[in-house]
Amino acid sequence: MSVHVKFFASLRDELGRGEAQIEYVSGMTVVDIWQQVAGNEPMGHVLAAVNMEYARPETGINDGDEVAFFPPVTGG
Amino acid sequence: MTVEILKSAFDPHKRLGDYQAAHGSEGRCGAEASFVGYMRDNNEGERVTGMYLEYYPGMTDRHLQAIAAEAGKRWDLLDVLIVHRVGDIQLGEAIVLVAAWAAHRADAFEACRFMMEDLKSRAPFWKKEQLEQGERWVEKNTPGFSQTGKQKSDN
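Here is a short report on the structure shown in this document. Chains are numbered independently. Their residues run from 1 in the order of the written sequence. Whichever chain is written first becomes A and whichever ligand is written first becomes 1, with later ones labelled in order. Reporting of local features is limited, given that this is a predicted model, to residues whose pLDDT is at least 70; pairs of side-chain atoms are given and counted only at 80 or more, and all residues count toward the totals for whole chains, interfaces and linings.

**So, the overall build of chain B**
Here a helix means four or more residues in a row that DSSP labels H or I, a strand means two or more in a row labelled E, and each is numbered from the N terminus. The secondary structure content of chain B amounts to 4 helices and 9 strands. Secondary structure of chain B in N-to-C order comes out as β-α-β-β-β-α-β-β-β-α-β-β-α. This radius of gyration counts C-alpha atoms alone. The globule rule is 2.2 Å times how many residues there are, raised to the power 0.38. By the compact-globule yardstick of 15 Å for 155 residues, chain B fits well, its C-alpha radius of gyration being 16 Å. C-alpha extents for chain B along the principal axes are approximately 55 × 45 × 25 Å. Sorting the 155 residues of chain B into buried and exposed places 31% on the buried side. Restricting to contacts in chain B with at least 6 residues of sequence separation, those with at least 24 account for 76%. In this scheme every C-beta is placed from the backbone, and a residue whose C-beta has 20 or more other C-beta atoms within 10 Å is buried, one with 12 or fewer is exposed, and one in between is partly exposed. Contact criterion: two residues are in contact if their C-beta atoms, reconstructed from the backbone, are within 7 Å.

Structure, rendered in structure tokens:
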């Protein structure tokens, strides 16, 4: 029962790690995961994806999901 | 419809020519619009000497595929090509190539613009610039619609 969490770019540098495993709890959402990995820091401009699709803070999580957090994108 | 994420330098015009030769829709195609983005030597008032482009393996490819598919739904297109670099990039190298082929120019122009703007604002890529002293993550992309062009046409 776990959720695999990934961090990218400046957010990975700020958090000091690229990945984390969070214990899955029924009913948990993206913002619940964020609070576990970032403490009281608000999500602000941080973007999230669940299983490689953009998600919102209130998006629900399932056991085994991959959840990613990253800063605004700057490609192209 | 083709999406490529490349870890080494590419020649965008050769890629465009090779792709068109291999996937050519001779006769049906009346218009091709393409955009190439290059690595610039300055940003926000500082000299930039190099760049690292990070991506999200899996999601980035999936998102670029979705952009190409969405363009195909919105416009009448014959084909689409998106090529994007990742990893270490040198000054002057191409970062991105987006191209659209259609029977008519409006579809080609508009689809090319749409794909490029969506890529800039939504595709998971992050630039880290090397400066003469130190390095920094780029925090945001520049707006896609030119203020300079508006001012010139107003005068």
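**Some details on the overall build of chain A**
Secondary structure assignment for chain A yields 2 helices and 5 strands. Across chain A, helices and strands are ordered from the amino to the carboxyl terminus as β-α-β-α-β-β-β. Taking 11 Å as the expected radius of gyration for a compact globule of 76 residues, we find that chain A reaches 12 Å, a close match to that expectation. Each of the three principal axes of chain A carries a C-alpha extent, and together these read 35 × 25 × 20 Å. In chain A, which comprises 76 residues, the share counted as buried stands at 29%.

**Observations regarding the pairing of strand β5 (residues 77–85) of chain B**
The two faces of the sheet receive side chains in turn, since in a regular strand these alternate between them. Residues and elements named next belong to chain B. Of all 9 residues that make up β5, 8 are buried, and the element is covered over most of its length. Here the rule is simple: two strands pair whenever DSSP picks up at least two bridges between them. With 5 bridges joining them, strand β1 (residues 2–6) and β5 adopt parallel strand pairing. Considered in β5, the bridge of Ile-5 is made with His-84. Both β5 and strand β7 (residues 94–102) contribute to a ladder of 7 bridges, which runs antiparallel. Of the residues in β7, the one forming a bridge with His-84 is Val-96.

**With respect to the sheet that holds β1 of chain B**
All names here are of chain B. Pairing is mixed across the open sheet formed by 4 strands, whose spatial order is β1-β5-β7-β2. Every interior strand has two partners, whereas the edge strands, β1 and β2 (31–38), have only one. For this sheet, the mean inter-axis angle between neighbouring strands, taken without regard to orientation, is 5°. Note on geometry: axes are lines fitted to C-alpha atoms, helical ones only across the stretch in contact, with angles between N-to-C directions running from 0 to 180 degrees. With respect to the sheet, helix α1 (residues 12–23) is in contact with β2, β5 and β7, its orientation differing from that of β7 by roughly 30°. Packed on one face of the sheet, helix α2 (residues 59–74) meets β1, β5 and β7 and runs near 155° to β5.

**Brief notes about unusual backbone geometry**
At Ala-9 of chain A, a residue that is not glycine, the phi angle is positive and equals roughly 55°. If you trace the backbone, Ala-9 of chain A turns up in helix α1 (residues 9–15). Residue Ala-9 of chain A is classed as buried on the basis of its 23 C-beta neighbours within 10 Å. Phi at Glu-44 of chain B is positive, roughly 50°, even though this residue is not glycine. Position of Glu-44 of chain B relative to the elements: it lies in the loop between β3 (42–43) and β4 (46–55).

**A few points about the sheet that holds strand β5 (residues 66–70) of chain A**
Residue and element names in this part refer to chain A. Strand order in the open sheet made by the 5 strands is β2-β1-β5-β3-β4, with mixed pairing throughout. The open sheet is flanked by β2 (19–23) and β4 (53–55), the only strands paired with a single partner. Adjacent strand axes in the sheet meet at a mean angle of 30°, parallel and antiparallel pairs treated alike. Where strand β3 (residues 47–50) lies against β4, 3 bridges are found, and the strand directions are antiparallel. When the sheet's bridge partners are listed, Ala-49 is paired in β4 with Tyr-54.

**Some details on the environment of Glu-129 of chain B**
All names here are of chain B. As for its placement among the helices and strands, Glu-129 is situated in strand β8 (residues 125–131). Between the C-alpha atoms of Glu-129 and Leu-53, which are 76 residues apart in sequence, the distance is 8.7 Å. Ignoring anything within four residues of it in the chain, the contact list for Glu-129 reads Asn-43, Val-48, Met-51, Glu-135, Arg-136 and Val-138.

**Describing the interface of chain B and chain A**
With 22 residues of chain B at the contact, the number on the chain A side is 13 residues. If you list the elements that add at least two residues to the side of chain B that touches chain A, you get α2, β7, α3 (105–122) and β8 of chain B. Looking at the side of chain B that touches chain A element by element, the count peaks at 4 residues for α3 of chain B. Gly counts as polar in this scheme, as do all residues outside two lists: the nonpolar Ala, Val, Leu, Ile, Met, Phe, Trp, Tyr, Cys and Pro, and the charged Asp, Glu, Lys and Arg. Per-class residue counts for the side of chain B that touches chain A are 12 nonpolar, 4 polar and 6 charged.

Shape is all these values report; function is a separate question.
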